[in-house]
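# Descriptive structure summary
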Amino acid sequence: MSSIRRRKGSEPEKGPSENSEPKIQKKEGEEEEREDDDNDKNKENRNKNKNGVDVLKKKKSKWSCIDSCCWFVGCICTLWWFLLFMYNVMPASFPQYVTEAITGPMPDPPGLKLKKEGLRVKHPVVFVPGIVTGGLELWEGHQCAEGLFRKRLWGGTFGEVYKRPSCWVEHMSLDNESGLDPPGIRVRPVTGLVAADYFAAGYFVWAVLIANLARIGYEEKTMYMAAYDWRISFQNTEVRDQTLSQIKSNIELMVSTNGGNKAVIIPHSMGVLYFLHFLKWVEAPAPMGGGGGPDWCSKYIKAVVNIGGPFLGVPKAIAGLFSAEARDIAVARAIAPGFLDNDMFRIQTLQHVMKMTRTWDSTMSMIPKGGDTIWGGFDWSPEAGDHLTMKKKSKANAKLRDRKENKTNVVNYGRMISFGKDVAEADSPEIEILDFRGAIKGPNVANTSCRDVWTEYHDMGVEGVRAVADHKVYTASSIIDLLQFVAPKMMARGSAHFSYGVADNLDDPKYEHYKYWSNPLETKLPNAPDMEIFSLYGVGLPTERAYIYKLTPFAECYIPFEIDPTAKGGDEISCLRDGVYTVNGDETVPVLSSGYMCAKGWRGKTRFNPSGIRTYVREYDHSPPANLLEGRGTQSGAHVDIMGNFALIEDVMRIAAGAKGEELGGDKVYSDIFKWSDRIKLPL
């Protein structure tokens, strides 16, 4: 019976066809073996199922890289939409509630505080933005810029930098001969308050000040953003766009429509130099000037409130023009050697930056002015002997305090460029200097393939490069000769629009030319004794003052000089870091440049200030944010972040509402600007 049952159980199944083949009887031994195998497999499957593993499912559950990427992107998108939904449904006061729960009660914004005190809109205000902070948009371009009409090329998202970098560089560059638009390209400044309220999404410039002024009644009819193309020379903004004329007519209109209340002008950064140029332009007769006459400023301007003003230039401009870098670039090169010098995405990064920025004539307005008289020479500098030291403010942050005198390690900041740390620290008799001015340039070190990143270094050759390095040390006076040697075409344009010396006789007719108007050491302030001039700036941050350079190893299409990031000081309090000597300032402008004119050069009746316009110095000691929730901080002294400093905003608002300098408390100083100013032996 058992064999009969086995035969029944081993009958083959019917095939897909109805007319299947006859059943084939298997041998009894083969059937038993097959049945045993089936039993073993079933047993194995049961054992695996007990452990939670299914062979078929295991084969199907293999996870590929594409699956992982899709899963990751899906999670990110889901999280993003969830957070966006929560942000939109939460009360507007919730972020402030969370911040105050962590950091404690936040102080009232200056606008709310002053509104409670009863301050109201009075004097119309004019904002004058600085370099790079104003938006630029395309009005005409080449084929590669198709679809970008009136889209921002500068400011905003900077999306075009990543999408089409070569096209972007081409359209942001100016003509090497004229300093104006290249053929077929028109890039123009964005107009209105939106031109410089934010530099990029979430990164404010003027937005915080505008919002606080609005709290006491200001609006667009009482606020004007004097936007201009910050790339071109100051006089050329009038030649091409009539920007200076627009500023003049807008100030006149605002004063006449606001009951005759004079305007308060608030320039920032390079805008300070631009408005200095305007002060002379508006008085000068046409066609070179605006024809306003000698009493125009007295009639229309109450005060000029300069924020972070580089009155006497910035050493940082030298490094930018000489090697297209600054301290940040030198540090990046030290961290990732060769990265910036590589042909990244088929673009030699620094070479293209240099090619573009050397066409921006405005950058030459910030070359240090006053020569060795102001900035020091081989053996002296106004700030010599003073060093920034770190003092703990709290467990959460540290704060840079004023320099303390250190007689054992005196740094000579007058040597703005030194080839080697040993040269920067050596005594003058030990330095053998070879004159570079008569050096013969050539042979050419670059082949024709480099012409798309032409930087004028291609015309110097090995001998010219070696002559520059053999000179070893450059002060503020010889820096001008250096730039004329390495970039003659750039400096030929710049010298037609800017000057960097000190006037011996301000009554000389040559100083009536516009090239002198943005240099406070070669021009007079207007005849406006009732006008006030303020210099507001941050202190307590290490700011670039002098550089240690080295020769770059030879390479095709190279920039032959670079900051030496291996040059460092010998102790923690040294002011030498990554090849850069630093002094007290706001990270961009040294105190000497921001403060000297108001502390001494214009103080009282001097030859630069014959009508005795009152001047005030107001410094803001830098305090970093205690945590990330504070953003960029409300007590920052950094060059741009200071625009959100509550103390500075309050001072500006009080001036706009009618307060005079004495009512603010006069000077407020944390640095040694008055001591440094006294060391400068400039006849006044």
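Since this is a predicted model, take the numbers as computed values, not measurements.

Next up on the list: the overall build of the protein. A count of helices and strands for the protein gives 25 helices and 23 strands. Per-residue burial for the protein yields a buried fraction of 51% across its 684 residues.

Quick look at the packing of helix 10 (residues 234-241) against helix 12 (residues 270-283) now. Between helix 10 and helix 12, whose axes approach to 9 Å, the crossing angle comes to 70 degrees. Looking at the two axes, helix 10 sits roughly perpendicular to helix 12. Side by side, helix 10 and helix 12 meet where Phe234, Gln235, Thr237 and Glu238 of the first sit next to Met270, Leu273, Tyr274, His277 and Trp281 of the second. Residue composition of the contact of helix 10 with helix 12, by class: five nonpolar, three polar and one charged.

So, about the nonpolar core. Membership of the largest hydrophobic core comes to 163 residues, with the highest contact counts inside it found for Phe127, Trp206, Ile251, Ile266, Phe322, Val468 and Val486. Per-element accounting of this core gives the leading share, 10 residues, to helix 12. Counting 10 residues, the second largest nonpolar core, distinct from the first, contains Val411, Tyr413, Cys575 and Val583.

Okay, a nonpolar patch on the surface next. A cluster of nonpolar side chains, contributed by Leu79, Phe82, Leu83, Phe85 and Met86, occupies part of the molecular surface with about 510 Å² of accessible area. Examined against the element boundaries, Leu83 turns out to sit in helix 4 (residues 65-89). Residue class for Leu83 comes out partly exposed when judged on its relative accessible area of 48%.

Tallied over the entire structure, the rule returns 26 salt bridges. Residues Arg188 and Asp241 are paired through a salt bridge, measuring 3.6 Å at the closest nitrogen-oxygen approach. With Arg188 in strand 4 (residues 186-189) and Asp241 in helix 10, this pair connects stretches of sequence that are 53 residues apart. Arg188 gets classed as buried once you look at its relative accessible area, which sits at 17%. Residue Asp241 is classed as buried on the basis of its relative accessible area of 14%.

Bringing the environment of Trp139 into the picture now. Of note, Trp139 is situated in strand 2 (residues 136-140). When the C-alpha positions of Trp139 and Arg152 are compared, they lie 9.8 Å apart, and in sequence the two are 13 residues distant. Dropping the residues within four chain positions of it, Trp139 is found in contact with Phe149, Arg150, Arg186 and Arg188. In terms of polar contacts, Trp139 uses its side chain to reach the side chain of Glu137, at 3.1 Å.

Two elements in contact, helix 10 and helix 11 (residues 243-256), have axes whose closest approach is 6 Å; the angle formed by their N-to-C orientations is 85 degrees. As the angle between them shows, helix 10 and helix 11 are arranged roughly perpendicular. Note on element contacts: helix 11 touches helix 10 through Thr243, Leu244, Ser245 and Gln246, opposite Phe234, Gln235, Thr237, Glu238 and Asp241. Broken down by class, the residue content of the contact of helix 10 with helix 11 amounts to two nonpolar, five polar and two charged.

If you walk across this open sheet you meet the six strands as 7-1-8-9-18-23, and the pairing is parallel. The sheet is open, and its two edges are formed by strand 7 (223-225) and strand 23 (614-621), each paired on a single side. Each neighbouring strand pair of the sheet contributes to a mean axis angle of 15 degrees, computed without reference to strand direction. Both strand 1 (residues 125-128) and strand 7 contribute to a ladder of three bridges, which runs parallel. By the bridge assignment, Val125 is partnered in strand 7 with Met223.

The next thing to look at is the environment of Lys441. Within the secondary structure, Lys441 is located in the loop between helix 18 (421-425) and helix 19 (461-471). Since its relative accessible area comes to 33%, Lys441 is described here as partly exposed. Distance in space between the C-alpha atoms of Lys441 and Val465 is 8.2 Å, their sequence separation being 24 residues. Leave out the neighbours within four places in its chain, and Lys441 touches Asp459, Met460, Phe485 and Pro488.

Looking now at helix 11. A rise of 1.5 Å per residue sets the reference length of helix 11, with its 14 residues, at 20 Å; its end C-alpha atoms lie 20 Å apart and thus fit the reference within 8%. Every buried residue of helix 11 is listed here: Thr243, Leu244, Ile247, Lys248, Ile251, Met254 and Val255. Buried residues of helix 11, viewed axially, fall in a sector of 145 degrees; they line one side.

This part takes up helix 22 (residues 591-601). Extensive coverage of helix 22 is indicated by the burial of 11 of its 11 residues. Every buried residue of helix 22 is accounted for by Val591, Leu592, Ser593, Ser594, Gly595, Tyr596, Met597, Cys598, Ala599, Lys600 and Gly601. On its buried face, helix 22 is in contact with helix 17 (371-375), strand 18 (532-539), strand 19 (541-551), strand 22 (580-585), strand 23 and helix 25 (673-679).

Here the focus is the confidence of the model for the protein. Should the pLDDT be low somewhere, the predicted coordinates at that spot are not to be read in detail. When pLDDT is averaged along the protein, the result is 83, and 78% of the positions lie at 70 or above. Note on residues 343-347: pLDDT under 50 across the span, and seven contacts to partners over four residues away in sequence or across chains. For residues 389-408, every residue scores under 50 in pLDDT, and the model assigns this stretch 54 contacts once sequence neighbours within four places are set aside.

Before going further, it helps to spend a moment on the pairing of strand 18. With eight of eight residues buried, strand 18 lies mostly within the body of the structure. Judged by which residues are buried, strand 18 turns out to be covered on both faces: Glu532, Phe534, Leu536 and Gly538 on one side and Ile533, Ser535, Tyr537 and Val539 on the other are all buried. Note: strand 9 (residues 301-307) against strand 18, five bridges, orientation parallel. Directly across from Ala303, in strand 18, lies its bridge partner Glu532.

Each value, and the rule that gives it
Residues numbered from 1 in each chain as written. Predicted model: local features only at pLDDT ≥ 70, side-chain atom pairs only at ≥ 80, totals over all residues. Heavy atoms only, no water. Helix = DSSP H or I, 4+ residues; strand = E, 2+ residues; numbered from the N terminus. Buried < 20%, exposed > 50% of the residue type's maximum accessible area, 1.4 Å probe, protein only. Axes fitted to C-alpha atoms, helices over the stretch in contact; angles between N-to-C directions. Parallel < 35°, antiparallel > 145°, perpendicular 65-115°, else oblique. Contact = heavy atoms within 4.5 Å. Nonpolar A, V, L, I, M, F, W, Y, C, P; charged D, E, K, R; others polar. Core = buried A, V, L, I, M, F, W, Y, C linked by side-chain atoms within 4.5 Å. Patch = residues over 30% accessible without salt bridge, like charges linked within 9 Å, V, L, I, M, F, W, Y side chains within 5 Å. Areas by Shrake-Rupley, 256 points an atom, 1.4 Å probe, with all protein chains shown as cover. Salt bridge = Lys/Arg side-chain N within 4 Å of Asp/Glu carboxyl O. Polar contact = N/O pair within 3.5 Å; in protein donor to acceptor, adjacent residues only side chain to side chain. Pairing = 2+ DSSP bridges. Expected span 1.5 Å × (residues − 1). Arc of directions from axis to C-beta. pLDDT = per-residue confidence, 0-100.

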